[in-house]
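Listed below are the residues making up each chain.
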Amino acid sequence: MGIFKKSTGLELNRRTDTTISVTVPPNNPDFTSVAGYAHTLTVQQLTEELGTSANDGLSKNEAIRRLESHGENLLKGKEGVSALRVFVGQLANALTIVLVAAMALSFGVGDYVEGGVIAAVIVLNTTVGFFQEYRAEKTMDSLRQLSSPTAFVVRNGEGVAIPAKNVVPGDLVSIKVGDVVPADLRLVTVSNLEISEQLLTGESVPVAKNIDTYGSEQTDMPIGDRLNLCYASTIVTKGRGTGITIGTAMNTQIGRIAEAISGKKPATEEEDDRPWRTRTWDKIQYYLGLKTGTPLQIKLAKLAYFLFGCAIILILIVFAVAKFDITNEVVLYAIAAAIAIIPESLIAVLTLTMAAGTRKMAKEHVIVRKLDALENLGGVTDICSDKTGTLTLGQMSVQKFWLATDQPDAASEFSAELNPDAIEPRGNVLRDSDGSALDPKALPQAITQAVLVASLCNVATVRKNLKGQWKSTGDPTEVALQVFATKLGLGRPDLTGEGPEAEERVLRPAMGKVIDYGIPEHERIRFADGEEKKKEKRFDLKAEFPFSSDLKRMSTVYIDKKNDDHAIVLIKGAAERILDASIDYLPLPEAEPTKTAPLTPEVREAFMAKYESLASQGLRVIGLARRNITREQAGIITREEAEKDFTFLALAGISDPPRPETLGAVRACKAAGIVVHMLTGDHISTARAIAQAVEIIGPDAPKSAVMTAQEFDALTDKEIDALPELPLVIARCAPETKVRMIHAGKRRGKHLSMSGDGVNDSPALKLAPVGIAMGMAGSDVAKDASDLVLTDDNFDSIRVAVSEGRRLFANIQRFILHLLTTNVAEVLLLIVGLCFQDVQDRSVFPLSPIGVLWVNMLTSSPPAFGLGLEKAPPDLMRKPPHNVKDGVFSWPVILDCLSYGVVMGGTCLINFVIVVYGRARSTVFATLIIQILLYAWELKSFDRSMFSLTPGRPFYKDLWANQVLFWSVLGGMVSVVLPIYIPGFNNRVFYQAAIGWEWGLVVGMSIVFIVWCEIWKILRKPLYRRWTPPPVQADNWAASQSSTVASSENRNEKV
């Protein structure tokens, strides 16, 4: 039970306060009615109405219950995948059109058996294709939703990121710059919060928010004037805040608007005044798949309709050879020729392959938002990556702390002991000169002043949750500074009285409100965890100027209640920017902590030397400074006025080690011919140290390989284009620098991927061929502009994505080659077969229409899908990127298709000639199917023998590795006997008969075809040399890169 104490009342020694962890019943179970008057309620009233806490939010169990009872936070009527569109797409394609025409011709000539079979094939193909594509589309849609806007909520006192659709009424939600507000919120805390509500009110100027409570007489005030509320789908443009959810889904303001206009034409949609012919043609193209989908899907759709036109030409050729004497046999021959040229399963196999690829990438922490990215990833030549949290762990800790002094022998440098858990404020801070530990209860005044800046000029939080685990919110850099300040007893909650540890909470037991039995307040039962007195609120925040990626600094203005004379302005940021804003310093900070001296150029140079020394150790260095202003200025001072005339106090060196897997990932990229660039906001020395640690640059890298954004942006486009290579490292990078980097890469013919997380990164992400947003640290605006989202913010996930993109690209080429080769063989067989006529001068068709359908749909499709699932070969990431301009239909693919197709069709034709007066059609049918199935195994590698796919490994193990392909081939070989030997089925449907000795010809010609495949793989290497980029020398890449740049610079100097 615990130990009871009798001091100020009866107290229970428990780990946590049970009134927080239990479910609190709301006063108003009808959450939907609260939204209308929430702006007139105080925070305490609202928490009682919704049964929540302004500090700890809902319990996780209660959030689950509310999600089940109130549904997901999604607008109705916005379906991700339309079943009707998928079904119409199945009907409106070249295959179905050709089959419908073939069915009509069959019924027209009285061949009801064949017409019925083709009708059944149409129904089967449409049904199977519909379910396959619909499931694939739903899979891709669900994966895309994983990268949908997220919400940062507090549940059980712990901050967690969840999909925005899981926000429920009563949730405590935190919002910051760049976030899309996930639901309608009643604000509880704000800090310079401004929100763009143009979507709702049409007002283009962001609205400044507050937490004031309105009177009950203002219940019906316009939504735009309710400054203590923010609304779903609006965007945070400045500051931060927290709020309690008062409306979700259709109960939000945007939901009410959507409901009001449901079934009506949106007011914002302009009238389409184009001619009706143009509108009709656009709709036809849309349903035919010529206007929707990825570039590859559109290209394949166009190919299908081109082949449809070719099918019509083939029909006319068959009719012309028959001198337009259209008999039943001629019609059957024409139908067979028309069906033969169409790769019926091409689009379906592509959709299934892409769905499987996106599903696999999701398991590797990469969410595909746009399918175009799958086509572009394999051609990426350069990866532009952030450093913090992507190349590095993002687990920052203050490792060095230096009080700014001009006394070189002064004992002013300190080191902090590091913990395995970077956010646990445990460990000593040691003086480097003698190893003595600082006592948090007796800190020197100079150290206190500097640490106060780290603590108060900071929006991160560090606290224990109800389970006793340390949790943090905010930017990793600020978290590290907050942890350091907390180690020294100067955490922000201790100084400002904010946060659950210090705020007075309104607590109610699980069964309802506290019943007052007349017991005095001081005699009531309390919990031991809550016995500490409410902390004194010494510092009062008056203004906050958030971190700006352009200014590289942030500042805050506080009133110190222990000092009535003045207010203080605290600033932190990039050390050089803080020095620029400073005019003096403390020459003897510990001996004379109040005596300042002018910051002369010589002193600045000494401070910058110390800055460079810390940065060269791979530390992110933050400058700290403060100044005094009058109390009257505190609430009205502008940023320009506030951020000047500071006293420079200290430098904090923050360590952020590279991820263990980053070095291997960078080496793998180099081996694949991919150049890795690091674009970071850190100082150039820090950036260089980390880049060398992960081998982005070598120790002898030329000067042009590492630049600051200021140096890069100062160059004209011509000067950038004249550089031997684009810089490998850009320090102090601004969002505009990323945009210039993309333009520079495009002018060089490079195919870049760009990563980013901030709102300002969205133009670069949208402009880049492959934009990659960070899923953990990224803003919703950045995610919306990206093609891919990394759920773990890990650079190695980018490497995995590129590797998977290459695998998918190669597999798409494999199954396209497989399907089109079959079509080439069939067309060759049927067109040359026109030359063989019977005694009545009628052409004898080598394959029946149903036989062609069997080959194309039942024989070719399963192996083609199996090829789409083929694993990446071992050397995939040791080859250079493919040319994205060529696409999948490169010259090697076209020539391979013709080479394999002609031999496949030729060997089948030879068998037809040998057995032309016997059971030739069955022999051709069996030969073609066996060759198609064996050909699928040959395509496991474009240039290696099927019998030596992996050096030193038995080939049958490689064949077994892809079991979908393996069983597709074996199943196809077994099924070939059905149309040949089943009575009635063989002669009435396929127009063929059982064979015996002809199997020898089938095996013989199949061996001939396999031999040709092996020979062609040898011949194609020298033939395709002009289209094959030179192999990458992985081990010497960095050295060759550096030597190339250096030699180019030497040449330029000589000129």
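Residues numbered from 1 in each chain as written. Predicted model: local features only at pLDDT ≥ 70, side-chain atom pairs only at ≥ 80, totals over all residues. Heavy atoms only, no water.

Here's the deal with the overall build of the protein
Phase 1 of the analysis: Looking only at helices and strands, one finds 37 helices and 30 strands in the protein.
Phase 2 of the analysis: Within the span of the protein, comprising 1055 residues, buried residues form 53% of the whole.
Phase 3 of the analysis: Nonlocal contacts in the protein, meaning residues at least 24 apart in sequence, comprise 72% of its contacts between residues at least 6 apart.
Phase 4 of the analysis: Accessible area for the protein stands at about 46,200 Å²; split by element, carbon and sulfur atoms hold 58% of it. (Helix = DSSP H or I, 4+ residues; strand = E, 2+ residues; numbered from the N terminus. Buried < 20%, exposed > 50% of the residue type's maximum accessible area, 1.4 Å probe, protein only. Contact = heavy atoms within 4.5 Å. Areas by Shrake-Rupley, 256 points an atom, 1.4 Å probe, with all protein chains shown as cover.)

Quick look at the pairing of strand 24 (residues 646-655)
Phase 1 of the analysis: With 10 of its 10 residues buried, strand 24 lies for the most part within the structure.
Phase 2 of the analysis: Pairing between strand 12 (residues 397-403) and strand 24: six bridges, direction antiparallel. By the bridge assignment, F401 is partnered in strand 24 with A652.
Phase 3 of the analysis: The pairing of strand 21 (residues 582-585) with strand 24 spans three bridges and is parallel. Note on strand 24: the bridge partner recorded for Y585 is F648.
Phase 4 of the analysis: Two strands pair when backbone bridges link them, and strand 23 (residues 620-629) and strand 24 are joined in this way by seven bridges, in the antiparallel orientation. (Pairing = 2+ DSSP bridges.)

Some thoughts on the nonpolar core
Phase 1 of the analysis: By size, the foremost hydrophobic cluster in this structure holds 140 residues, and its most contacted members are I696, V729, L788, F795, F815 and F925.
Phase 2 of the analysis: Considering every element that reaches this core, the biggest residue donor is helix 27 (residues 795-833), with 16 residues.
Phase 3 of the analysis: Mapped onto the domain boundaries, this core takes at least three residues apiece from domain 2 (295-358 + 802-1025) and domain 3 (366-392 + 658-793).
Phase 4 of the analysis: Setting aside anything within four residues of it in sequence, one finds V729 in contact with M678, A687, A691, I696, I697, A705, V706 and M707.
Phase 5 of the analysis: Grouped together as the second largest cluster of nonpolar side chains are 37 residues, V429, A480, M554 and I622 included. (Core = buried A, V, L, I, M, F, W, Y, C linked by side-chain atoms within 4.5 Å. Domains from an automatic or database assignment.)

Description of the side chain of Q813
Phase 1 of the analysis: By the secondary structure assignment, Q813 is in helix 27.
Phase 2 of the analysis: Non-local contacts of Q813, meaning those with residues more than four positions away in its chain, are made with G887, V888, S890, V893 and F942.

Thoughts on a nonpolar patch on the surface
Phase 1 of the analysis: Together, V1003, I1007, V1011, I1015, L1019 and L1023 make up an exposed nonpolar region whose accessible area comes to about 500 Å².
Phase 2 of the analysis: On the secondary structure map, V1003 appears in helix 36 (residues 998-1023). (Patch = residues over 30% accessible without salt bridge, like charges linked within 9 Å, V, L, I, M, F, W, Y side chains within 5 Å. Salt bridge = Lys/Arg side-chain N within 4 Å of Asp/Glu carboxyl O.)

A closer look at the pairing of strand 21
Two faces, one strand: in a regular strand the side chains alternate between the faces of the sheet.
Phase 1 of the analysis: Of the strand pairs in this sheet, strand 21 and strand 22 (residues 597-598) are connected by two bridges, and their pairing is antiparallel. Bridged to Y585 within strand 22 is A597.

Regarding the pattern of salt bridges
Phase 1 of the analysis: Under the counting rule described, the total for this entry stands at 40 salt bridges.
Phase 2 of the analysis: Linking K610 and E413 is a salt bridge whose minimum nitrogen-to-oxygen distance equals 2.5 Å. In this pair, K610 is assigned in helix 18 (residues 601-615) and E413 in strand 13 (residues 413-416), connecting sequence segments 197 residues apart.
Phase 3 of the analysis: The salt bridge partner of R553 is E643, with a shortest N-O separation of 2.8 Å. Taken as a pair, R553 in strand 19 (residues 553-560) and E643 in the loop between helix 19 (639-642) and strand 24 lie far apart in primary sequence, 90 residues in all. We note that R553, like E643, is buried.

Re unusual backbone geometry
Phase 1 of the analysis: With phi around 75 degrees, S233 is a residue other than glycine that occupies positive phi space.
Phase 2 of the analysis: Structurally, S233 can be placed in the loop between strand 8 (229-230) and strand 9 (235-247).
Phase 3 of the analysis: In this structure, R732 takes a positive phi of about 55 degrees despite not being glycine.
Phase 4 of the analysis: Tracing the sequence through the fold places R732 in the loop between strand 27 (729-731) and helix 24 (735-747).

Focus on the environment of I235
Phase 1 of the analysis: Structurally, I235 is set in strand 9.
Phase 2 of the analysis: For the pair formed by I235 and I175, sequence separation is 60 residues and the distance between their alpha carbons is 9.6 Å.
Phase 3 of the analysis: Not counting the four nearest positions on each side in its chain, I235 is found in contact with D179, V180, E194, I195, S196 and V781.

Observations concerning the packing of aromatic side chains
When we look at a pair of aromatic rings, we describe it by the centre distance and by the angle of the planes.
Phase 1 of the analysis: Counted under the stated rule, the structure contains 19 aromatic pairs.
Phase 2 of the analysis: Taking 5.1 Å as the distance between ring centres and 80 degrees as the angle between the ring planes, the aromatic pair formed by W960 and F966 counts as edge-to-face.
Phase 3 of the analysis: Its relative accessible area of 16% is what places F966 among the buried residues.
Phase 4 of the analysis: Here a set of aromatic residues connected by ring pairs shows up, and it is made of W402, Y585, F607 and F648.
Phase 5 of the analysis: Above the plane of the ring of F712 lies R740, whose end atom (NZ or CZ) is 6.0 Å from the centre. (Phe/Tyr/Trp six-rings, centres within 6.5 Å; stacked < 30°, edge-to-face > 60°. Lys NZ or Arg CZ within 6 Å of the ring centre and 35° of its normal.)

Quick look at the side chain of R155
Phase 1 of the analysis: Its location among the elements puts R155 in strand 3 (residues 150-155).
Phase 2 of the analysis: There is a polar contact of 3.2 Å between the side chain of R155 and the backbone oxygen of N166.
Phase 3 of the analysis: Other than its neighbours up to four places away in sequence, R155 contacts D56, L58, K60, A63, I162, N166, V167, V168 and D171. (Polar contact = N/O pair within 3.5 Å; in protein donor to acceptor, adjacent residues only side chain to side chain.)

With respect to the packing of helix 28 (residues 849-859) against helix 31 (residues 920-938)
Phase 1 of the analysis: Across the interface, helix 28 lies against helix 31 with an axial gap of 11 Å and an inter-helix angle of 15 degrees. By the criterion of interaxial angle, the relationship of helix 28 to helix 31 is roughly parallel. The two elements helix 28 and helix 31 meet at a crossing, and its hand is right-handed. Contact with helix 28, carried on its side by G851, W854, V855 and T859, involves F925, L928, I929, I932 and L933 of helix 31 and no other residues of that element.
Phase 2 of the analysis: Residue composition of the contact of helix 28 with helix 31, grouped by class: seven nonpolar, two polar and no charged. (Axes fitted to C-alpha atoms, helices over the stretch in contact; angles between N-to-C directions. Parallel < 35°, antiparallel > 145°, perpendicular 65-115°, else oblique. Left-handed = near helix turned anticlockwise from the far one by under 90°. Nonpolar A, V, L, I, M, F, W, Y, C, P; charged D, E, K, R; others polar.)

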